[in-house]
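Structural overview for review
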Amino acid sequence: MGDDLKWVIGIAVTSMLGMGTIMASVFWRLVAMIRQAEDVADGTGKELQAEIYHVRECSVQKADLDGRLSRLSDDMREMRSEHRQATKDTNARLDGLLAAIASRNDH
């Protein structure tokens, strides 16, 4: 064989070994990344599921909340009405008291 042919075969073998090494290392790097992603996904999935259960346990249904809000609104309306009536009654008593005091001072 000629020196030129040995040189070409050597470069070809070296290139093939280099490409094979690069491909093998990329393959194992991807496998490691996939395993790491699965581990993170497993941990994240458990944490996410726990968070979903927590939110579900601590939340109320919209219908229940609407019912409670309407009851509160009705109670506030009733309290306002009672307060107005109490204010009117108090003003009437104070007017009567002032009228009695004024009539007493006139005599």
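Structural notes, computed from the coordinates. (Residues numbered from 1 in each chain as written. Predicted model: local features only at pLDDT ≥ 70, side-chain atom pairs only at ≥ 80, totals over all residues. Heavy atoms only, no water.)

**Focus on the overall build of the protein**
Quick note on the threshold: Here a strand is any run of E in DSSP of at least two residues, a helix any run of H or I of at least four, and the numbering for each starts at the N terminus. We take the radius of gyration over the C-alpha atoms and set the globule estimate at 2.2 Å times the residue count to the 0.38 power. Computed by Shrake-Rupley with a 1.4 Å probe, the accessible areas treat only the displayed protein chains as cover when residues are assessed.
Secondary structure summary: the protein contains two helices and zero strands in total. Since a compact globule built from 107 residues should have a radius of gyration of about 13 Å, the 44 Å found for the protein marks it as more spread out than a globular shape. Dimensions of the protein along its principal axes, counting C-alpha atoms only, are 145 × 30 × 15 Å. Total accessible area on the protein stands at roughly 10000 Å², and carbon and sulfur atoms take up 62% of it.

**Describing the pattern of salt bridges**
Convention followed: One speaks of a salt bridge when a side-chain nitrogen belonging to Lys or Arg is within 4 Å of a carboxyl oxygen belonging to Asp or Glu. Buried residues are those whose accessible area, probed at 1.4 Å on protein chains only, stays under 20% of the maximum for their type, while exposed residues exceed 50% and partly exposed ones sit between those limits.
Taken as a whole and judged by the stated rule, the model has one salt bridge. Two residues, aspartate 74 and arginine 77, come together in a salt bridge whose shortest N-O distance is 3.0 Å. Of this pair, aspartate 74 and arginine 77 both sit in helix H2 (residues 62-106), three residues apart, roughly one helical turn. Judged by its relative accessible area of 42%, aspartate 74 falls in the partly exposed class. We classify arginine 77 as partly exposed; its relative accessible area is 48%.

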